[in-house]
Amino acid sequence: MLFLGMTSLKKENTVIDITEGLQWLEKAFDKGEITVATMLGRAYSTGEGVDQSYEKAVIWFRKGAEQDEPKSQYFLGQFYQLGFGVEQNTNTAIVWLEKSANQNDEQAIEGLARIHMELPTPNLQVASYWFKRAADLGVTNAMSDLGYIALETNGEVVDYDTAFRYLHEGADKGDAHCMFNLAEFYHIGAGVEKDVDKQLELLKKASSTGNHFADIRLGFLFEENNDFVEAVTWFQKAANGGISDACHKLISIYTEGREGVPADPAQVGKYQKLIEEETTNSN
């Protein structure tokens, strides 16, 4: 029955196929296939096989959520958080996300952490609890955020040793954000001895994945050591990656000149134009 409904929905020929598919799926749901609610909710959310409707998506996510289907609970929470098909309500979003998270849904666990982190008055204690839950399930974004919280609170909300362990795990898995934050740990000696070489190694690895924040951080590090030629190389990579602060830095360098980097009005104009283009594209 579930297969018949999915097959009919995937046909592209007639409205009859879609109607028939919906009927089969609704019958499957009535017979206990509660995951159908999530399938239908997502279909209405994206308009895949049906007319797009956030309101109808909410109806189906709610049906699944009320029968304890974790993915339906997750999506319903997200819709309340974003105000899709319902009036935006963060408290209601948290209720449904917690129900899903308590069934170990990774997206719900990480979503709860981000909601508490992005509140008008962030609750970093609660956010870190959920980030740890997500990190223990292998979510590298959560590992990175634990490092960020540790750095922002000087190790008070998340202690440096715990954060270092998670960041190291995430960096070993190739996560650039974990590499970036771990580099900062080596820079300030948070939970580990200061190690400039290790910091540079991690930032260069993060850069190799396309992380342009690592590029500009490398630029500043080489500038601090008066290696302006190398600094310009990294600032240029960051600028070409859309980091406007790197453009401003290059304008300053090329306006006044630095050791090994002569003043260059053409380069000043180049990066001023790049800033203007980025400003236009963002509006």
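Residues numbered from 1 in each chain as written. Predicted model: local features only at pLDDT ≥ 70, side-chain atom pairs only at ≥ 80, totals over all residues. Heavy atoms only, no water.

Colleague: Looking at this structure, how should I read the side chain of Asn181?
Modeller: Of note, Asn181 is situated in helix α11 (residues 176-188). One polar contact links the side chain of Asn181 to the main-chain carbonyl oxygen of Ser144, over a distance of 3.0 Å. Leave out the neighbours within four places in its chain, and Asn181 touches Ser144, Gly147, Tyr148, Leu151 and Leu167. (Helix = DSSP H or I, 4+ residues; strand = E, 2+ residues; numbered from the N terminus. Polar contact = N/O pair within 3.5 Å; in protein donor to acceptor, adjacent residues only side chain to side chain. Contact = heavy atoms within 4.5 Å.)

Colleague: What should I look at first to understand the pattern of salt bridges in this one?
Modeller: Between side chains of opposite charge, a pair can form when the charged atoms approach closely. Tallying each qualifying case throughout the model produces nine salt bridges. Put simply, Asp105 and Lys71 hold a salt bridge, and the shortest N to O gap is 3.0 Å. Taken together, the residues span a long stretch of sequence, with Asp105 in the loop between α6 (90-101) and α7 (106-117) and Lys71 in helix α5 (residues 70-82) at a distance of 34 residues. We note a salt bridge from Arg114 to Asp145, for which the minimum N-O separation is 2.7 Å. Highlighted residues: Arg114 in helix α7 and Asp145 in helix α9 (residues 140-152), separated in sequence by 31 residues. Exposure remark for Arg114: the relative accessible area of 25% places this residue in the partly exposed category. When salt bridges with common partners are traced through the structure, they connect Glu110, Arg114 and Asp145 into a single cluster. (Salt bridge = Lys/Arg side-chain N within 4 Å of Asp/Glu carboxyl O. Buried < 20%, exposed > 50% of the residue type's maximum accessible area, 1.4 Å probe, protein only.)

Colleague: Just to check I follow, could you spell out helix α14 (residues 228-240) for this structure?
Modeller: Every α-helical turn comprises 3.6 residues, leaving residues that sit three or four positions apart pointing alike. With 13 residues, α14 ought to run about 18 Å at 1.5 Å a step, and its terminal C-alpha atoms sit 18 Å apart, in line with that. Restricting attention to buried positions, one finds in α14 the residues Phe228, Ala231, Val232, Trp234, Phe235, Ala238 and Ala239. The secondary structure elements touched by the buried residues of α14 are α12 (196-208), α13 (212-224), α15 (244-256) and α16 (265-282). Positive backbone phi, approximately 95°, marks Gly242, located one or two places after α14. (Expected span 1.5 Å × (residues − 1).)

Colleague: I keep staring at the nonpolar core and nothing clicks. Help me out?
Modeller: Phe131, Leu182 and Phe185 are the most contacted members of the largest nonpolar core, which has 85 residues in total. Leaving out residues up to four positions away in the same chain, Phe131 has contacts with Ala113, Arg114, Met117, Ala142, Asp145, Leu146 and Ile149. (Core = buried A, V, L, I, M, F, W, Y, C linked by side-chain atoms within 4.5 Å.)

Colleague: Before we go on, may I ask you to explain the packing of α9 against helix α10 (residues 160-172) in this structure?
Modeller: Any two packed helices are characterised by how steeply their axes cross, that is the angle between the axes, and by the distance between the axes. One can describe the packing of α9 onto α10 by two numbers: an axis separation of 8 Å at closest approach and a directional angle of 145°. As for how α9 packs across α10, the hand of that crossing is left-handed. Here α9 contributes Thr140, Met143, Ser144, Leu146, Gly147, Ala150 and Leu151 to the contact with α10, which in turn contributes Tyr160, Ala163, Tyr166, Leu167, Glu169 and Gly170. Split into classes, the residues belonging to the contact of α9 with α10 amount to eight nonpolar, four polar and one charged. (Axes fitted to C-alpha atoms, helices over the stretch in contact; angles between N-to-C directions. Left-handed = near helix turned anticlockwise from the far one by under 90°. Nonpolar A, V, L, I, M, F, W, Y, C, P; charged D, E, K, R; others polar.)

Colleague: Sorry if this is basic, but what is going on with the layout of surface pockets here?
Modeller: Unfilled space is identified by rolling a water-sized probe across the atoms. In this model, the second largest pocket occupies a volume close to 170 Å³. Elements with a minimum of two residues in the lining of the second largest pocket: α9 and α11. With four residues, α9 is the largest single contributor of residues to the lining of the second largest pocket. Taken together, the residues that form the lining of the second largest pocket break down as three nonpolar, five polar and one charged. (1 Å grid on protein atoms, 1.4 Å probe; cavity = no way out; pocket = protein on both sides within 12 Å on 5 of 7 lines; lining within 4 Å. Points joined across faces, edges and corners; volume = space filled by probe spheres on them.)

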